[in-house]
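Notes for the structure review
In case you want the letters, here they are:
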Amino acid sequence: IDETISGYTAPVVVNLFGSDLDLLDAKAQELAHLLRSMHGAHNVRVRASHATPTLSITLDPVRLAALGLAADDALRAVHNAYSGLTVNEIEIDNHRVPVTVLVPARTRGDVTHLAQRDDAPIRLAQVASVAQTAGRYNILHRNAQRLQVVTVEVLGRDLDGFLHELRSRVFAELRFPDGMHPEFTGAAVEQATARGELIAHALSAGLGVALLIYLAVNRLRYLLLILLNLPFSLVGGVVAVLLGGGVVSVSSMVGFVTLFGITVRNSIMLVSHYDHLVRIEGCVWDLTTVLRGARERLPAILMTALITALAMLPLTIDSDNPGREIMGPMAAIIVGGLISSTLLNLLVMPALLHRFGRFGDR
């Protein structure tokens, strides 16, 4: 998922855009140092490394001309020294095997030996300057701009808090020259956007659900009592989040939305049954009716919770394994919330309804 969003297997990615490669490298190292000082930062990496060992061979045209050599001859000799020169073929069991001549590995791995070979008619050091330097493995580009990329994984804290701290510290502690600017991307940015959209849609859906509940129970008092069950489920969901590391992801929020729907349904079942006992069967609204309604709705509410909890339970086990990143946190919150909401719905909710229900009154 992280790689699909940003191209890197890390939830937080900072792109530094600019034109000067040396300045980009320097700022990337400063940013990496800042990230390593932050709580929760793990495996900080600068992606486009500039410390790749490189063999630099600079030919001297004057010395080549003095010895009657062309630049192609010298470059071809260096190429053959490292890639090999095929001089013949032999047949072994109907297979043709090329015979390749190479400079010995000890010489190829040592710049001094390569440049000062005594057995060569003309030593490479006579016509070129040979040195081992550090070069670039690649130069990253995006939108016709050069960039340097710094990635970091986050452990032990939520991505939103980490990203907010990172933004504030980057603009407060780092100074970017003209033509250079950072870009924050990755799963953390997308998750913040998705969370905001999910909250907006959930609130809109919640208003619609509340209207439907009111149409079903036909009394504002009943609606408010039914909505009191939402904190019951919230208790178990919060405990599940804390046991899972205290991080609320988008999938966790989807679990809360799903959990609220299940618990509201259980409350509607209880309230509607009390209303049926008082209005249809003519029972007096007292403690006896409260206990009777709770006993009669116990199997339905318990089976609804058990079926959902048992279906989700396998997903909560080893939920951090690959393939369960989305369903695992959601299932853990649903299971935890169902435990608390079922117990409180059958123990506390009847007491609240007995005190504030007013069933049968018009």
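The notes below deal with the structure included here.

Conventions we followed
Residues numbered from 1 in each chain as written. Predicted model: local features only at pLDDT ≥ 70, side-chain atom pairs only at ≥ 80, totals over all residues. Heavy atoms only, no water. Helix = DSSP H or I, 4+ residues; strand = E, 2+ residues; numbered from the N terminus. Buried < 20%, exposed > 50% of the residue type's maximum accessible area, 1.4 Å probe, protein only. Core = buried A, V, L, I, M, F, W, Y, C linked by side-chain atoms within 4.5 Å. Contact = heavy atoms within 4.5 Å. 1 Å grid on protein atoms, 1.4 Å probe; cavity = no way out; pocket = protein on both sides within 12 Å on 5 of 7 lines; lining within 4 Å. Points joined across faces, edges and corners; volume = space filled by probe spheres on them. Nonpolar A, V, L, I, M, F, W, Y, C, P; charged D, E, K, R; others polar. Expected span 1.5 Å × (residues − 1). Arc of directions from axis to C-beta.

1. Topic: unusual backbone geometry
Despite not being glycine, asparagine 43 shows a phi value in the positive range, around 55 degrees. For asparagine 43, the location among the structural elements is in strand β2 (residues 41–46). Positive phi, normally seen in glycine, also occurs at aspartate 93, with a value near 50 degrees. Mapped onto the secondary structure, aspartate 93 falls in the loop between β4 (85–92) and β5 (95–101). For aspartate 93, a relative accessible area of 66% translates into the label exposed.

2. Description of the nonpolar core
Ranked by size, the top nonpolar core spans 25 residues in total, and within it Val12, Leu31, Leu35, Phe162 and Leu166 carry the most contacts. Among the elements of the structure, β1 (12–18), α2 (21–36), β8 (145–154), α7 (159–173) and α8 (187–217) are those that each provide at least two residues to this core. The greatest single-element share of this core, amounting to seven residues, is contributed by α2. Leave out the neighbours within four places in its chain, and leucine 166 touches Val12, Val14, Leu31, Leu34, Leu35, Met38 and Phe184. Tyr222, Leu270, Tyr274 and Val278 belong to the second largest nonpolar core, which has 23 residues in total.

3. Describing empty space enclosed by the protein
With the rule as written, the count across this model stands at one cavity of 30 Å³ or more. By volume, the largest cavity amounts to about 60 Å³. What lines the largest cavity is a set of eleven residues, and nearest its centre among them are Leu21, Asp25, Ala48, Arg136 and Gln148. The element that contributes the greatest number of residues to the lining of the largest cavity is α2, accounting for three residues. A per-class count over the lining of the largest cavity returns six nonpolar, three polar and two charged.

4. Comments concerning α7
Here α7 contains 15 residues, and its C-alpha end-to-end distance of 21 Å stays within 8% of the 21 Å for a straight helix at 1.5 Å per residue. Among the residues of α7, those classed as buried are Leu159, Phe162, Leu163, Leu166, Arg169 and Val170. What you see down the axis of α7 is that its buried residues fit within an arc of 135 degrees, all on one side. At its buried positions, α7 is contacted by β1, α2, β2, β8, β9 (181–185) and α8.

5. Looking at the environment of leucine 259
Relative to the helices and strands, leucine 259 is located in helix α11 (residues 250–279). Here the alpha-carbon distance between leucine 259 and phenylalanine 356, two residues 97 residues apart in the chain, equals 25 Å. Here leucine 259 is in contact with Ser233, Ile333, Ile334, Gly337 and Leu338, once residues within four sequence places are set aside.

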